[in-house]
Amino acid sequence: MWPTLLYAALAIAICGWIFTSFRQRQKVHALERSKEEIQVEETLVFDFLHGLGEAFRETIKPHDLHRLIVEGATRILDAHGGALYLTDRSGNKLVPVFLSKGCPPLVPVPGHILHQAATTPAALEGFLRMHSVPPGEGLIGTVWQTTQPVSLADVRDVPELARLRETPLGTASLMATALLYGKQNMGVLAVGNGPMGAPFTPSDFVVFKSIAEQSAFALYNAIIYSEANEKKRLDHDLEIARDIQRILLPEKSPAVPGFEIAGINIPARQVSGDYFDYIRVDEHRLGVAIADVSGKGVPASLIMAICRSVLRSQAPQNPSPAEVLKAVNRQLYPDIKEDMFISMAYLVVDHSIGSITNDFAIRLEQDDCLVLYTDGVTEALDAEGFEFGIDRMIQSVRESAAHGASAIITRLIDDVRNFVGAHPQNDDITLITIRKHEKDQP
């Protein structure tokens, strides 16, 4: 009997050992599969993060970044498809920037589009790619508006998705979250599974939110790069405009018998809305113009260029400043907006008789000085908001007039700059000085 019991005990021990060994092998295999899955997931995540690193370089195109985000999220989460919606330029609605081919519709689809999609799949695709989403519309608009991420294993409570649930276009489960970086709400990232896909798990939701966080950072960085590049392009264009404007302004002062003439233009921005010019009227007369277009920057500079062309077409052979300005006004008025205007002074220097203008003559005596200026001089502000003013300007002219026309300009510009200090120039500055020589030349 004892041998029988011994054999029975030995058999039981062997069976137990075999069973335990089998279970251990199962656990080992399960751990190995789990490790492999983790390694695959880690590889996918690292590849995704490496791809996002391209967003920190200026070479990546926006569409490529958008595709990388959506396709990376769907690969990592084993989703059927994904969608990326970003705010438009106005910031008032979302527009689809990338929809993967397998992504179920995530926005309300009209019945006639669904009907067309049954025979023409491109109808649905075209609708989804063109449909913008206002705040609060459907699931995507709500997630954008509330900034609350959602993970739905059952979409029956989402009207726009529930009606598609039993169709080949239906969504069985989805995850969506706003793309937030700092105070920026840039849009919504979503991934979805169709009816044949497994619902997303809580751990999937954690990974998804992490993906969205990194994607938001990459998108924000791409926007900064884009804005920086756009600024570079605009600065380059403005530099070209400034070079062109320099060509339009006098390169040097004209030589006029019996007179010294000097002029300068200092823009407050890259281009100026001020204008000055010297125009040969005839053998004995020189037209001198100074003007200030309302506003600053590019719009004012364009009006200035038009004004220059019109003035130069009217001034030659016409000794009357009044008639010239009337003709200029008639041509410019129809093409200038109501809220824009030009302040201009135009005179004619007649060196044959030593006087100025033809409509009423002002004879200049020896060492007399005439200063033409725009309000950028007298209205220059210091750090406390005080203006340079007419009194300081008169003092500067009096103290420098004896040294010639160029000396007046140099002194005035130095005095203005010393007055404003580090305060930025808030308006264009233009000056013309005319000084009578010691001896009149006929």
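Scroll up to find the structure this text is about.
Every value quoted in this text rests on a predicted model; they were computed, and no experiment measured them. (Residues numbered from 1 in each chain as written. Predicted model: local features only at pLDDT ≥ 70, side-chain atom pairs only at ≥ 80, totals over all residues. Heavy atoms only, no water.)

Draft legend 1. View of the packing of aromatic side chains. Across all of its chains, the model carries 4 aromatic pairs by this definition. Arranged with centres 5.2 Å apart and planes meeting at 25°, the rings of Y181 and F217 form a pair that is stacked. Of this pair, Y181 sits in strand β4 (residues 173–181) while F217 sits in helix α7 (residues 202–248), placing them 36 residues apart in sequence. By relative accessible area, Y181 is classed as partly exposed at 33%. Residue classification places F217 among the partly exposed positions, given a relative accessible area of 31%. Judged by centre distance (5.6 Å) and plane angle (75°), the ring pair of F388 and F419 falls under edge-to-face. Taken together, the residues span a long stretch of sequence, with F388 in the loop between α10 (375–378) and α11 (389–400) and F419 in helix α12 (residues 405–420) at a distance of 31 residues. A connected cluster of aromatic rings, assembled from ring pairs, spans Y181, F217 and Y220. The ring of F205 has K209 lying over it, and the distance from NZ or CZ to the ring centre is 4.5 Å. The ring of F259 has K436 lying over it, and the distance from NZ or CZ to the ring centre is 5.5 Å. (Phe/Tyr/Trp six-rings, centres within 6.5 Å; stacked < 30°, edge-to-face > 60°. Helix = DSSP H or I, 4+ residues; strand = E, 2+ residues; numbered from the N terminus. Buried < 20%, exposed > 50% of the residue type's maximum accessible area, 1.4 Å probe, protein only. Lys NZ or Arg CZ within 6 Å of the ring centre and 35° of its normal.)

Draft legend 2. Examining a nonpolar patch on the surface more closely. A cluster of nonpolar side chains, Y373, I390 and I394, forms an exposed patch at the surface whose accessible area comes to about 240 Å². Mapping I394 onto the fold places it in helix α11. (Patch = residues over 30% accessible without salt bridge, like charges linked within 9 Å, V, L, I, M, F, W, Y side chains within 5 Å. Areas by Shrake-Rupley, 256 points an atom, 1.4 Å probe, with all protein chains shown as cover. Salt bridge = Lys/Arg side-chain N within 4 Å of Asp/Glu carboxyl O.)

Draft legend 3. Fine view of the pairing of strand β8 (residues 285–293). A large share of β8 lies buried, amounting to 8 of its 9 residues. Linking strand β7 (residues 274–280) to β8, which pair antiparallel, is a turn of 4 residues. Across 9 bridges, β8 lies against strand β9 (residues 342–350) in antiparallel orientation. Looking at β9, one finds that G287 is bridged to V348. (Pairing = 2+ DSSP bridges.)

Draft legend 4. Region of interest: α11. Taking 1.5 Å as the rise per residue, α11 with 12 residues should run 16 Å; its terminal C-alpha atoms sit 17 Å apart, in good agreement. Regarding α11, the residues found buried are G389, M393, S396, V397 and S400. Down the axis of α11, the buried side of the element spans an arc of 115°, and every buried residue falls inside it. Turned more than 90 degrees away from the buried face of α11 sit D391 and R398, all of them exposed. In this structure, the buried side of α11 is in contact with β12 (369–373), α10, α12 and β13 (429–436). (Expected span 1.5 Å × (residues − 1). Arc of directions from axis to C-beta. Contact = heavy atoms within 4.5 Å.)

Draft legend 5. Structural detail: empty space enclosed by the protein. Tallying each qualifying case throughout the model produces 1 cavity of 30 Å³ or more. By volume, the largest cavity amounts to about 50 Å³. Surrounding the largest cavity, A83, Y85, L99, C103, P104, P105, L106 and L128 form its lining. Partitioning the lining of the largest cavity into residue classes produces 8 nonpolar, no polar and no charged. (1 Å grid on protein atoms, 1.4 Å probe; cavity = no way out; pocket = protein on both sides within 12 Å on 5 of 7 lines; lining within 4 Å. Points joined across faces, edges and corners; volume = space filled by probe spheres on them. Nonpolar A, V, L, I, M, F, W, Y, C, P; charged D, E, K, R; others polar.)

Draft legend 6. Representation of the sheet that holds strand β6 (residues 259–266) within the structure. In spatial order, the strands read β6-β13-β12; together these 3 strands make up an open sheet with antiparallel pairing. Both outer strands of the open sheet, β6 and β12, are each paired with one neighbouring strand and no more. Going from strand to strand, the sheet's axes swing by 10° on average, the running direction of each strand aside. Bridge count between β12 and β13: 5 bridges; the pairing is antiparallel. By the bridge assignment for β13, L370 is matched with I434. Helix-sheet contacts for α12 involve β6, β12 and β13, and the interaxial angle to β13 is about 145°. (Axes fitted to C-alpha atoms, helices over the stretch in contact; angles between N-to-C directions.)

Draft legend 7. Broad picture of unusual backbone geometry. Look at Q317: it is not a glycine, yet its phi comes out positive at around 65°. Mapped onto the fold, Q317 is located in the loop between α8 (297–314) and α9 (321–332). Look at Q317 and you get exposed, because its relative accessible area is 64%.

Draft legend 8. Main features of the nonpolar core. Grouped together as the largest cluster of nonpolar side chains are 36 residues, with contacts concentrated most on V288, V349, I432 and I434. Elements that contribute at least two residues to this core include exactly β6, β7, β8, α8, α9, β9 and β13. Counting 26 residues, the second-largest nonpolar core is a separate cluster that includes I113, A117, V133 and V188. (Core = buried A, V, L, I, M, F, W, Y, C linked by side-chain atoms within 4.5 Å.)

Draft legend 9. Representation of the sheet that holds strand β5 (residues 184–193) within the structure. As summarised here, the arrangement of the 5 strands in space is β2-β1-β5-β4-β3, forming an open sheet in which the pairing is antiparallel. The sheet is open, and its two borders are formed by β2 (94–99) and β3 (150–152), each paired with just one other strand. When the angles between neighbouring strand axes are averaged without regard to direction, this sheet yields 20°. The pairing of β4 with β5 spans 8 bridges and is antiparallel. Residue pairing across strands places A178 opposite V188, the latter belonging to β5. Contacts from helix α5 (residues 138–146) reach β1 (81–87), β2, β3, β4 and β5, with the element oriented near 140° to β5. This element, α7, spans β1, β3, β4 and β5 of the sheet and lies at about 35° to β4.

Nothing here speaks to function; it is geometry throughout.
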